[in-house]
Amino acid sequence: MTVKSNHVTIKGIKDGLVFLLDDKCDFSILLEELRYKLEFSHQHILTGPIIHVDVKLGMRLVTEDQKEMILDILKQKGNLLVRSIEMPAIAQEQDENAVTTLAGIVRSGQVLRHDGNLLFIGDVNPGGTICATGDILILGALRGMAHAGFSGNEKAVIAASYLAPTQLRIAETISRPPDEWENRETSMEFAFLRDGKMQIDKIINMTRVRPDFNVFKGV
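The model shown is predicted, which means the values in this text are computed figures rather than measured ones.

(A) Looking closely at the side chain of Arg-60. Structurally, the position occupied by Arg-60 is in the loop between strand E3 (51-56) and helix H2 (64-75). Notably, Arg-60 is buried but unbridged: the nearest opposite-charge side chain belongs to Asp-22, and the N-O separation is 5.5 Å. Looking at Arg-60, its side chain comes within polar contact range of the main-chain oxygen of Asp-22, at 2.7 Å. At 2.8 Å, the side chain of Arg-60 and the backbone oxygen of Cys-25 are in polar contact.

As structure tokens, this is what we get:
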């Protein structure tokens, strides 16, 4: 069996090996070459004491089953210990709209921080703070402070079943709602930025601000 290609590159580093896997060739060809190099062309490297291995997939998107196929081949060499598998950046971008759900109560003096979009089921009491790098959606009363897009995302929104915060922040923009908010008619509302200024609107109008949301149109 002869495999004359360079779809798998093995590089030595200070504390192990890095496997660079071509992200453009057919996956079956990639597996074939990986298997060949481990069995024949790199026997002198892949024998002896334990070697830590980092696998880099480039921009290739792989399923869990495909990842296991790669690991199974590497595990055939008893001295190889896979330390990490670097997933493509595009895979992380596909998760930008993912929403994490948490439930509870944020009490005075407590700070809840989250990386990504957050759906919080419960109340944020006065003196409590909730922060997220993405959107903040609260099924409950927001009476404390909320900071959405705190990493600089000006497209982030803050929504709540009852919006009566002590302070709202989106990215670097700060809004201090008037005291009379507590006395107005209760409705589900959201905050967003328009031309660098904080705006408040009914939640039914959120898709006008965020057309990237999936919209149910019925039949």
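(B) Region of the structure containing unusual backbone geometry. In this model, Ala-171 sits at a positive phi of 55°, which is unusual for a non-glycine residue. With phi around 55°, Asp-195 is a residue other than glycine that occupies positive phi space. For Asp-195, the location among the structural elements is in the loop between strand E14 (189-194) and strand E15 (197-202). A relative accessible area of 77% places Asp-195 in the exposed class.

(C) The arrangement of a nonpolar patch on the surface in detail. A contiguous nonpolar surface patch, about 250 Å² in accessible area, is contributed by Ile-121, Leu-139 and Met-188. Relative to the elements of secondary structure, Ile-121 occurs in strand E7 (residues 117-124).

(D) Structural view of the sheet that holds strand E5 (residues 99-106). Reading across from one edge, E5-E7-E9-E11-E14-E15 is the order of the 6 strands in this open sheet, with mixed pairing throughout. The outermost strands of the open sheet, each flanked by one partner alone, are E5 and E15. Between one strand axis and the next, the sheet turns through 20° on average, direction left out of account. Both E7 and strand E9 (residues 136-142) contribute to a ladder of 5 bridges, which runs parallel. In the sheet register, Leu-119 faces E9, and the bridge partner there is Leu-137.

(E) Molecular detail of the environment of Met-145. Tracing the backbone shows Met-145 in strand E10 (residues 145-148). When the C-alpha atoms of Met-145 and Thr-166 are compared, they prove to be 5.6 Å apart, with 21 residues separating the residues in sequence. The contacts of Met-145, once residues within four sequence positions are left out, are Val-124, Gly-128, Thr-129, Ile-130, Thr-166, Gln-167 and Arg-169.

(F) Local environment of the pairing of strand E6 (residues 111-114). Of the two faces of E6, the one holding Leu-112 and His-114 is buried and the one holding Val-111 and Arg-113 is not buried anywhere. With 4 bridges connecting them, E6 and strand E8 (residues 129-132) associate as parallel partners. Bridge pairing in E8 links Arg-113 to Cys-131.

(G) View of the sheet that holds E3. An order of E1-E2-E3-E4 is seen for the 4 strands of this open sheet, with the pairing classed as mixed. Either end of the sheet is taken by a strand with one partner, and the two such strands are strand E1 (8-13) and strand E4 (80-86). Averaged over all pairs of adjacent strands, the angle between their axes in this sheet comes to 25°, without regard to strand direction. In terms of strand pairing, E3 meets E4 through 6 bridges, oriented parallel. Paired with Asp-54 across the two strands is Ser-84, which belongs to E4.

Reading guide: rules and limits
- Residues numbered from 1 in each chain as written.
- Predicted model: local features only at pLDDT ≥ 70, side-chain atom pairs only at ≥ 80, totals over all residues.
- Heavy atoms only, no water.
- Helix = DSSP H or I, 4+ residues; strand = E, 2+ residues; numbered from the N terminus.
- Buried < 20%, exposed > 50% of the residue type's maximum accessible area, 1.4 Å probe, protein only.
- Lys, Arg positive; Asp, Glu negative; His and termini not counted.
- Salt bridge = Lys/Arg side-chain N within 4 Å of Asp/Glu carboxyl O.
- Polar contact = N/O pair within 3.5 Å; in protein donor to acceptor, adjacent residues only side chain to side chain.
- Patch = residues over 30% accessible without salt bridge, like charges linked within 9 Å, V, L, I, M, F, W, Y side chains within 5 Å.
- Areas by Shrake-Rupley, 256 points an atom, 1.4 Å probe, with all protein chains shown as cover.
- Pairing = 2+ DSSP bridges.
- Axes fitted to C-alpha atoms, helices over the stretch in contact; angles between N-to-C directions.
- Contact = heavy atoms within 4.5 Å.

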